[in-house]
Amino acid sequence: MPVRWFARFSILLLLMILIGISVVSILCIESIPLVEKKPLLSLSNAERAKVLLREYDPRKLRSGEIKTVSMSEEELSLVTNHLINGFGTGAAAFEIEQDRLTIMASVNLSGLLPGRYVNFKTQFNTVSDGARFGKLQIGLISVPAAIMRGFVTLGAEHIYRATGLPSINTVLHAVVIRDRQLEITYQWQEEIVKVVRDRFVSRTDRALMRAYNDFLATKFAEKGTDLSFANLVHAIFKKARDRSPSTDPVVENRAAIVILAAYVNGSNISSFVPEAANWVKPRRVRLKIHSRRDLVRHFATSAALAVAGGGVMSSAIGLYKEVGDADGGSGFSFQDLAADKAGAQFGHAAVESEFSAKRLQDRIARGIDEMALIPKVNDLEENLSEAEFQGRYGGIKGVEYERVVEDIDRRIADSVLYRP
């Protein structure tokens, strides 16, 4: 009898849990976003967001230095959505009135549930000792302010204990909402960079990056100017394949691409890997593909962005640069855009899954040429002024523009590297 009772109780408990999850899901998931996602590309807004991020970058401060930053609701929305666009999964908005900051956000669930969203809404209220969370609204579910503050306090304490990050009280000195501005006074702690770096760039990742950096140095010492970009990609991915039987091919590919992009762009990765300042410096060689150096930079940078932040961000940044060139720069270039998109596809294939990572390694190890990396581009137009770009192609939403982009996508899909 006790066994039967326990079995029935277990089944009933499981049913109640499933029903509870179903009810919560129904109440949390909605068909209309609370915040509509803004168009991905707005040149002036994107550039302004970058300026703001540089201006507020705390890493420019000395350890222990105290700084106050003040942002309007427009600036908060601009910077937040610029960062969110890197993931392409939602949007956020802010409203400031008197002593209250309202935060709204929508997460797009299209990857799992097409046409469905999770909407969030909460508030910060100014009080005598700073600012406090108000209630949190998730879909139709409302979490009272007291419970919300409890969760935030416990969460902050857990992060403090688990990561070794400085306590929030030692970093955040004051939060004030006034004159339609959010004003934050904080004391920069240098150890934050180290802790965050160790969390996001592990010791294993740093060791791998050094291994590939040293590999590049050896290759250039051996081959010098006789090493083409296609040869270099072949060599470094053959190295990744040889290492992968005992390691994770996704991690190997990511490290190889990051180091390759850093080399191509002459970037200094010591900002997030400080010990890189003491690594051997590979010989500088002007690598080309289709007889052009700029296509190498476009390809490698987009590949690195894809493995670091997702293909959506890579495509967005690549296209942003090209539209920017059309407005007073070198002009819009479909050739550069093709290199951006090819690089994004390369990066995506390199880290999408263990199977995809190994498949790319094997295909490259068998031998590749320039056309495998970036398809034929010399028949694509470039150096288009803004007026020419708008007149001939209708801008980035024009039918003719879409036709060319679809053609570029087909060319990339036909590459031996990306075929099923």
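Structure's up top.
Here goes a summary of the coordinates provided. (Residues numbered from 1 in each chain as written. Predicted model: local features only at pLDDT ≥ 70, side-chain atom pairs only at ≥ 80, totals over all residues. Heavy atoms only, no water.)

1. Some words on the overall build of the protein chain
- A count of helices and strands for the protein chain gives 16 helices and nine strands.
- Considering the protein chain as a whole, with its 420 residues, one finds that 40% of them fall into the buried category.
- Taking the intrachain contacts of the protein chain between residues at least 6 apart in sequence as the baseline, contacts between residues at least 24 apart amount to 65%.
- Of the roughly 23300 Å² that the protein chain leaves accessible, carbon and sulfur atoms contribute 57%. (Helix = DSSP H or I, 4+ residues; strand = E, 2+ residues; numbered from the N terminus. Buried < 20%, exposed > 50% of the residue type's maximum accessible area, 1.4 Å probe, protein only. Contact = heavy atoms within 4.5 Å. Areas by Shrake-Rupley, 256 points an atom, 1.4 Å probe, with all protein chains shown as cover.)

2. Things to note about the packing of helix α15 (residues 386-393) against helix α16 (residues 399-413)
- In the contact formed by α15 and α16, the axes pass within 6 Å of each other and the chain directions differ by 90°. If you check the angle between α15 and α16, you find them roughly perpendicular. Residue-level inspection shows Phe 389, Arg 392 and Tyr 393 of α15 in contact with α16, the latter providing Val 399, Glu 400, Tyr 401 and Val 404. (Axes fitted to C-alpha atoms, helices over the stretch in contact; angles between N-to-C directions. Parallel < 35°, antiparallel > 145°, perpendicular 65-115°, else oblique.)

3. Brief notes about helix α8 (residues 229-243)
- Here α8 is 15 residues long and its end C-alpha atoms lie 21 Å apart, about the 21 Å a rise of 1.5 Å per residue gives.
- Burial in α8 covers these residues: Phe 229, Ala 230, Leu 232, Val 233, Ala 235, Ile 236, Phe 237 and Ala 240. (Expected span 1.5 Å × (residues − 1).)

4. Quick notes on the environment of Ser 70
- Take Ser 70: it is sitting in strand β2 (residues 66-72).
- Here the alpha-carbon distance between Ser 70 and Ile 184, two residues 114 residues apart in the chain, equals 6.5 Å.
- The residues touching Ser 70, leaving out its near neighbours within four places in the chain, are Tyr 56, Glu 75, Gln 181, Leu 182 and Glu 183.
- At a separation of 2.9 Å, a polar atom in the side chain of Ser 70 contacts the side chain of Gln 181. (Polar contact = N/O pair within 3.5 Å; in protein donor to acceptor, adjacent residues only side chain to side chain.)

5. Overview of the pairing of strand β4 (residues 100-108)
- With eight bridges connecting them, strand β3 (residues 90-97) and β4 associate as antiparallel partners. When the sheet's bridge partners are listed, Phe 94 is paired in β4 with Ile 103.
- Between the antiparallel neighbours β3 and β4 lie two residues, among them Gln 98 with a positive phi of about 55°. (Pairing = 2+ DSSP bridges.)

6. Re unusual backbone geometry
- The backbone phi angle of Asp 179 is positive, close to 50°, even though this residue is not glycine.
- With respect to the helices and strands, Asp 179 occurs in the loop between β8 (172-178) and β9 (181-187).
- Judged by its relative accessible area of 68%, Asp 179 is exposed.
- Residues other than glycine seldom take positive phi values, yet Arg 180 does so here, at roughly 60°.
- Within the fold, Arg 180 resides in the loop between β8 and β9.
- Given a relative accessible area of 47%, Arg 180 falls into the partly exposed group.

7. So, the packing of helix α9 (residues 249-265) against helix α13 (residues 354-365)
- Their axes nearest at 8 Å, the elements α9 and α13 cross at an angle of 55°. Between α9 and α13, the crossing angle belongs to the class labelled oblique. Seen along the crossing, α9 lies across α13 with a hand that is left-handed. Residues Pro 249, Val 250, Glu 252 and Asn 253 of α9 form the contact with α13, whose own contacting residues are Glu 354, Ala 357, Lys 358 and Gln 361.
- Across the contact of α9 with α13, the residue classes break down as three nonpolar, two polar and three charged. (Left-handed = near helix turned anticlockwise from the far one by under 90°. Nonpolar A, V, L, I, M, F, W, Y, C, P; charged D, E, K, R; others polar.)

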